[in-house]
Number of protein chains: 2
Amino acid sequence: MGAPDRAEVVRSLRELVGEGAVLAEPHELARYEQGWRYGQGKALAAVRPSRTEDVARVLAFASSQGIRVVPQGANTGLVGGSTPDASGEMLVLSLERLSRIVAIDAVDRSVTAEGGVLLSQLETALAEQGMMFPIDLGADPTVGGMIATNAAGTRVLRYGDIRQNLLGLEVVLADGTVLDLMTTLRKNNTGLDAKQVFVGTSGVFGIVTRAVLRVVPRPAQRATALVGAAEGASVLQLLSHLEQHLGDVLSAFEVVSAESLAPVFRYQPRLRNPFGASLPPYTVLVELSTTLPADRVSLDDLLETTLGAMIEGGAGEGITDVFPGKPAELWDIRHHVSESLRHEGEVLGLDISVPRSSMPSFVEAARDLIAPDYPFVRVCDFGHWGDGGVHLNLVWKKEDAPRPAPELKAELQPIIYDLAVTRFRGSFSAEHGIGPHNQAFYDRYTPALVKEVCGLLKARLDPKGRLGTTRLG
Amino acid sequence: MGAPDRAEVVRSLRELVGEGAVLAEPHELARYEQGWRYGQGKALAAVRPSRTEDVARVLAFASSQGIRVVPQGANTGLVGGSTPDASGEMLVLSLERLSRIVAIDAVDRSVTAEGGVLLSQLETALAEQGMMFPIDLGADPTVGGMIATNAAGTRVLRYGDIRQNLLGLEVVLADGTVLDLMTTLRKNNTGLDAKQVFVGTSGVFGIVTRAVLRVVPRPAQRATALVGAAEGASVLQLLSHLEQHLGDVLSAFEVVSAESLAPVFRYQPRLRNPFGASLPPYTVLVELSTTLPADRVSLDDLLETTLGAMIEGGAGEGITDVFPGKPAELWDIRHHVSESLRHEGEVLGLDISVPRSSMPSFVEAARDLIAPDYPFVRVCDFGHWGDGGVHLNLVWKKEDAPRPAPELKAELQPIIYDLAVTRFRGSFSAEHGIGPHNQAFYDRYTPALVKEVCGLLKARLDPKGRLGTTRLG
């Protein structure tokens, strides 16, 4: 089939789902064509259905016309998976109007939401009822987007990722078929858990229009501290100690290396630096939170005495400082790491995971591997050590580099990925997903049989290969 | 192909994996042919490989000879999925010799175990290192068996089921191919999570020879109480209240109706009945457990004061009694429910789940539905209300029934399943899986597309349909 006729497509779509639901002017399309940080393309048009039936209608139409479709949530993904390709022939199917919270059931501790509901919307609605959806992220994605990327973030350690908090799903397939896997059941062992097919698979098997999510009681108190550590091994020891004694209330264990923390205080002067001029090699943000009432047990006391006893008892070797602080202030520091590094120059941000026990040796190996050939590159690591996640950022000043940034990035990325995957049995995408940005690495590292299974699923669920920009099969 | 020649098969298998690994005498085969509670058949032979390579060799051989194979763990399943059919032509592949705990990594908080490792083995090995595998069950299954049935039990409320505690897998496919999905990663978003295909699918897609499981720190203290409730609504209110205030330390919320509890005290006179002659309509076993040290917060105090405040504050309407007690003693009561009901007469035990908020109305609807036509049947319910799981047992005395038990069971089962699935959007198998026992209901209630997807997977992973006795596609 040749390129679709835009005017014709727009007219038909407007007949199907209404005038206002279809956008085709360049100035209107711009925000659908450009991702929050990554991803850029040209759209044929953008359509914003507001009901599952309309999503089904749009997809049935696109299928009949041979039009390729890219589903888009809040467009905050970090792998370029939610923007159209450069052809100008892809239809953007935005879920932004599919944004109703259908039900909150306090007894069931579940929320039913449409695919376009924002994480912040969920938070507000649930807070009113003393509950919380436990995914905590830097961005504000949609429910559908979080499912397509299996979003994770800073509290996986305690509550798990989206997969572990997803009870049911409604998905529209490429031909417009609506697959109803909606359930609020927590136990249901009746064969294949079919919803898993749609989790973390970049929307290439279907578009999530509705989901049932597990929610948790809102903590009654929270305590945080920054802990300085002289080396990676001390960080791991701290993690084990905290889990053993405070495991039930430990809700975050975020680690920032000195190389990654210095820019935060350099570019965000309003943030208080408790360490002064000499930052410890690693700073850990420890967060405790609990539903237990503060008049029965104070988390501030518990954190202080546990860390104190650890240091006095000799198990705190390498712990250099402990600074309790207000959660909002300490999180503010953590949330500015990524942005501050970007002020330092060129950044190649890599989203790696390795087994928790290998975190220090992986970062060291990455330094050793990069240093000889790229002496101008600084290895700045930070991340969710509690889950084995490390955002390894390679940073350099443009003027120090012998070659242009895109060329260097293309050289460096496979070196680190190979180290992570091959030598450390780690992952080249801990949290962000595949998308066009990781396509080549997916192709390289995924077992042939897994790709084959994806191919079989794709052949059944989207036989003409019209959905999404990622290729799993 | 005709029936396999037993002598020939046994000779070949012995050559492949050694003399002692193959059993063929009727008295040796008996225990492989008969399940712990359900399931009975005739085996061609039983083979007990002790290495993944030998599992692969056996399967490659069976595949080449057209021999059907049923994988078997501890044979404790409740749906007849681990025993051979009646043909005498199926080879039992027992995992009992694949029973090594390969590694326990305290920093990583993971354990790597072979498929035949028993739950009790895991418990012992982990306890020595201050850790725990959080699945708690009445039986002692193997790692492979738990994965094939997605085992759950009494602490899902707090820790999730097997799916939520599984990090990596090694599976041998029907043709002997070894699929390596072993990883200890907690974050790995690189497309389809292929291990999900093998979770809860009764071993029909492959045999689990090795797994990496997430473990948790061992609690430092535990507190339990029996709470009497006048009706189901009070039980739900208690659950909500406890989750809101003690959610982080609530580790079990087991509910037993008076009809199910009375037989326990009748047949187990050594167990202390704190209620005396008049049992409350519902008895809740509440368990709190935590890693937090008892000198900082006492769970016994916390449980007592929380329940006390609830009752005094007016939120405890319908709470009739609170009896704190030793965990071992109270669990002893709970663990004897199922067995004691069997002393009462004929039992049809159903493993249902419904949304948590529907628990009381479901049980009531079941009573209303059964009473008119089956006045001699008592509806005895108990289960994991915290997860929406209800073991609905229909009990009658043989002499009261107009028809033989098998006939009545075949009549009653679909009535209750239909109520659960169709009217309450529940499940006909909350925990136990499919297997031959639930095959007809799987066929009836599973969406056509899900069956089709299973068919595609089966066609690729076991094209000749040789593995297992369950049919998902």
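Values in this document were obtained by computation on a predicted structure and should not be read as measured data. (Residues numbered from 1 in each chain as written. Chains lettered and ligands numbered in written order. Predicted model: local features only at pLDDT ≥ 70, side-chain atom pairs only at ≥ 80, totals over all residues.)

Student: Please explain the overall build of chain A as it appears in this structure.
Tutor: Scanning chain A from N- to C-terminus turns up 15 helices and 18 strands. Taking 23 Å as the expected radius of gyration for a compact globule of 473 residues, we find that chain A reaches 23 Å, a close match to that expectation. When the backbone C-alpha atoms are referred to their principal axes, chain A occupies close to 70 × 60 × 45 Å. Within chain A, the fraction of its 473 residues that count as buried is 54%. Within chain A, contacts between residues at least 6 apart in sequence are counted, and of these 73% link residues at least 24 apart. (Helix = DSSP H or I, 4+ residues; strand = E, 2+ residues; numbered from the N terminus. Rg over C-alpha atoms; globule rule 2.2 N^0.38 Å. Buried ≥ 20, exposed ≤ 12 C-beta atoms within 10 Å, placed from the backbone. Contact = placed C-beta atoms within 7 Å.)

Student: How should I be thinking about helix H4 (residues 119-127) of chain B in this particular structure?
Tutor: A turn of α-helix holds 3.6 residues, and therefore any two residues three or four places apart point the same way. Residues and elements named next belong to chain B. Restricting attention to buried positions, one finds in H4 the residues Leu119, Leu122 and Leu126. Buried residues in H4, looked at end-on, bunch into an arc of 60 degrees, giving them a common side. Opposite its buried face, H4 presents the exposed residues Ser120, Thr124 and Ala127, each directed more than 90 degrees away. On its buried face, H4 is in contact with strand E5 (101-105), strand E6 (110-114), strand E7 (131-132) and helix H5 (143-149). (Arc of directions from axis to C-beta.)

Student: Before we go on, may I ask you to explain the domain arrangement of chain A in this structure?
Tutor: A common measure of how large an interface is: the accessible area buried when the components associate. Residue and element names in this part refer to chain A. Taken domain by domain, chain A consists of domain 1 (6-94), domain 2 (101-217), domain 3 (221-337) and domain 4 (345-433). The C-alpha-based centres of domain 2 and domain 4 are spaced at 31 Å. Listed by partner, the interface residues are 7 residues for domain 2 and 6 residues for domain 4. Its residues assigned to classes, the side of domain 2 that touches domain 4 comprises 3 nonpolar, 4 polar and no charged. (Domains from an automatic or database assignment. Nonpolar A, V, L, I, M, F, W, Y, C, P; charged D, E, K, R; others polar.)

Student: So what exactly am I meant to see when it comes to the environment of leucine 173 of chain B here?
Tutor: All names here are of chain B. Looking at where leucine 173 falls in the secondary structure, it is placed in the loop between strand E8 (166-172) and strand E9 (178-181). Leucine 173 sits in the buried class, given 20 other C-beta atoms within 10 Å. Once the C-alpha coordinates of leucine 173 and valine 55 are considered, the two residues, 118 residues apart in sequence, prove to be 9.5 Å apart.

Student: What am I meant to see in unusual backbone geometry here?
Tutor: Apart from glycine, the bulk of residues carry a negative phi angle, and the bulk of peptide bonds sit in the trans form. Residue and element names in this part refer to chain A. Residues other than glycine seldom take positive phi values, yet asparagine 150 does so here, at roughly 45 degrees. Turning to its location among the elements, asparagine 150 is positioned in the loop between helix H5 (143-149) and helix H6 (156-159). The class of asparagine 150 is buried, set by 25 C-beta atoms lying within 10 Å.

Student: Even after reading the chapter, I still don't get the pairing of strand E13 (residues 250-257) of chain A, so can you show me in this structure?
Tutor: Regular strands place side chains that alternate from one sheet face to the opposite one. Residues and elements named next belong to chain A. Counting buried residues along E13, 8 of its 8 residues qualify, which places the element largely inside the surrounding structure. One ladder, built from 7 bridges, connects E13 with strand E14 (residues 282-290); its direction is antiparallel. Bridging from a neighbouring strand, phenylalanine 253 pairs with valine 286 of E14. Direction of pairing for E13 relative to strand E17 (residues 378-383): antiparallel, over a ladder of 2 bridges. Of the residues in E17, the one forming a bridge with valine 255 is glycine 383. (Pairing = 2+ DSSP bridges.)

Student: Where do I start with the environment of leucine 236 of chain A in this structure?
Tutor: You can see leucine 236 of chain A is positioned in helix H7 (residues 232-246). Overall, the presence of 20 C-beta atoms within 10 Å leaves leucine 236 of chain A in the buried class. Along the primary structure leucine 236 of chain A and methionine 359 of chain A are separated by 123 residues, whereas in three dimensions their C-alpha atoms are 8.4 Å apart. Apart from residues lying up to four places away in sequence, leucine 236 of chain A is in contact with Ser357, Met359 and Pro360 of chain A together with Val107 of chain B.

Student: Looking at this structure, how should I read the environment of alanine 194 of chain A?
Tutor: Looking at where alanine 194 of chain A falls in the secondary structure, it is placed in the loop between strand E9 (178-181) and strand E10 (207-214). On the neighbour-count criterion, alanine 194 of chain A (19 C-beta atoms within 10 Å) is partly exposed. Remark: the alpha-carbon pair of alanine 194 of chain A and arginine 100 of chain A, spanning 94 residues in sequence, is separated by 24 Å. Not counting residues within four places of it along the chain, the set of residues in contact with alanine 194 of chain A comprises Leu181 of chain A together with Val450 and Val453 of chain B.

Student: For this particular structure, what's the right way to read the interface of chain B and chain A?
Tutor: Facing 76 residues of chain B, the contacting portion of chain A comprises 76 residues. Breaking the side of chain B that touches chain A down by element, the ones donating at least two residues are strand E11 (216-217), helix H7 (232-246) and helix H15 (448-461) of chain B. The element best represented in the side of chain B that touches chain A is H15 of chain B, accounting for 8 residues. Per-class residue counts for the side of chain B that touches chain A are 31 nonpolar, 30 polar and 15 charged.

Student: I keep staring at the sheet that holds strand E2 (residues 43-47) of chain A and nothing clicks. Help me out?
Tutor: Within a sheet, each strand pairs with its neighbour through backbone hydrogen bonds, oriented either parallel or antiparallel. All names here are of chain A. On the basis of which strands lie adjacent, the open sheet formed by 4 strands has the order E1-E2-E4-E3 and mixed pairing. Every interior strand has two partners, whereas the edge strands, strand E1 (22-23) and strand E3 (68-72), have only one. As judged from the 2 bridges shared by E1 and E2, these two strands associate in the antiparallel manner. Of the residues in E2, the one forming a bridge with valine 22 is valine 47.

Student: Just checking my understanding: could you explain the relation of the copies chain B and chain A for this structure?
Tutor: One copy of the chain maps onto the other through a rotation about an axis followed by a shift along the same axis. Screw-axis analysis of chain B against chain A gives a translation of 0.0 Å along the axis, an RMSD of 0.0 Å, and a rotation angle of 180 degrees. The operation mapping one copy onto its partner corresponds to a two-fold rotation axis. Here 100% of the contact residues of chain B are again contact residues in chain A; the copies associate through an equivalent surface. (Least-squares fit on C-alpha atoms with pLDDT ≥ 70 in both.)

Student: Just checking my understanding: could you explain the packing of H7 of chain B against helix H12 (residues 359-370) of chain B for this structure?
Tutor: Helix-helix packing is described using two parameters, namely the angle between the two axes and the distance between the axes. Residues and elements named next belong to chain B. Running from amino to carboxyl end, H7 crosses H12 at an angle of 160 degrees, the nearest separation of the two axes being 8 Å. Comparing the axis directions of H7 and H12 gives the class roughly antiparallel. Helix-helix and strand crossings are classified by hand; for H7 and H12 the assignment is right-handed. On H12, the residues touching Gly232, Ala233 and Leu236 of H7 are Met359, Pro360 and Val363. For the contact of H7 with H12, the class distribution of residues is 5 nonpolar, 1 polar and no charged. (Axes fitted to C-alpha atoms, helices over the stretch in contact; angles between N-to-C directions. Parallel < 35°, antiparallel > 145°, perpendicular 65-115°, else oblique. Left-handed = near helix turned anticlockwise from the far one by under 90°.)

Student: Is there a simple way to think about helix H12 (residues 359-370) of chain A in this case?
Tutor: Residue and element names in this part refer to chain A. With 12 residues, H12 ought to run about 16 Å at 1.5 Å a step, and its terminal C-alpha atoms sit 17 Å apart, in line with that. Buried within H12 are the following residues: Met359, Phe362, Val363, Ala366 and Ile370. Projected onto a plane normal to the axis of H12, the buried residues spread over an arc of 95 degrees and lie on a single side. Packing partners of the buried residues in H12 comprise H7, E17, strand E18 (389-396) and helix H13 (405-423). (Expected span 1.5 Å × (residues − 1).)

Student: Could you clarify how one ought to interpret the packing of helix H1 (residues 6-17) of chain B against helix H3 (residues 52-65) of chain B in this entry?
Tutor: All names here are of chain B. Two elements in contact, H1 and H3, have axes whose closest approach is 10 Å; the angle formed by their N-to-C orientations is 150 degrees. The angle between H1 and H3 places the two elements in the roughly antiparallel class. Between H1 and H3 the crossing geometry is right-handed. Seen from H1, the contacting residues are Val9, Ser12, Leu13, Leu16 and Val17; seen from H3, they are Asp54, Arg57, Val58, Phe61 and Gln65. Taken together, the residues of the contact of H1 with H3 sort by class into 6 nonpolar, 2 polar and 2 charged.

Student: Would you take a moment to explain the confidence of the model for chain A for this structure?
Tutor: Reading predicted coordinates in detail is not appropriate for stretches of low pLDDT. Of the residues in chain A, 100% have a pLDDT of 70 or more, and the chain-wide mean is 95. Scored as a complex, the prediction yields pTM 0.96 and ipTM 0.96. (pLDDT = per-residue confidence, 0-100.)

Student: Would you mind going over the sheet that holds E10 of chain A with me for this structure?
Tutor: Residue and element names in this part refer to chain A. Spatial ordering of the open sheet is given by E5-E6-E10-E8-E9, a layout of 5 strands whose pairing is antiparallel. With partners counted over all chains shown, the strands left at the sheet margins are strand E5 (101-105) and E9, one partner each. Neighbour to neighbour, the strand axes of the sheet diverge by 10 degrees on average, direction disregarded. When strand E8 (residues 166-172) meets E10, the two strands line up antiparallel, connected through 6 bridges. Across the sheet, leucine 169 pairs through a bridge with alanine 211, a residue of E10. Against the sheet, helix H3 (residues 52-65) engages E8, E9 and E10, with an angle of about 45 degrees to E8.

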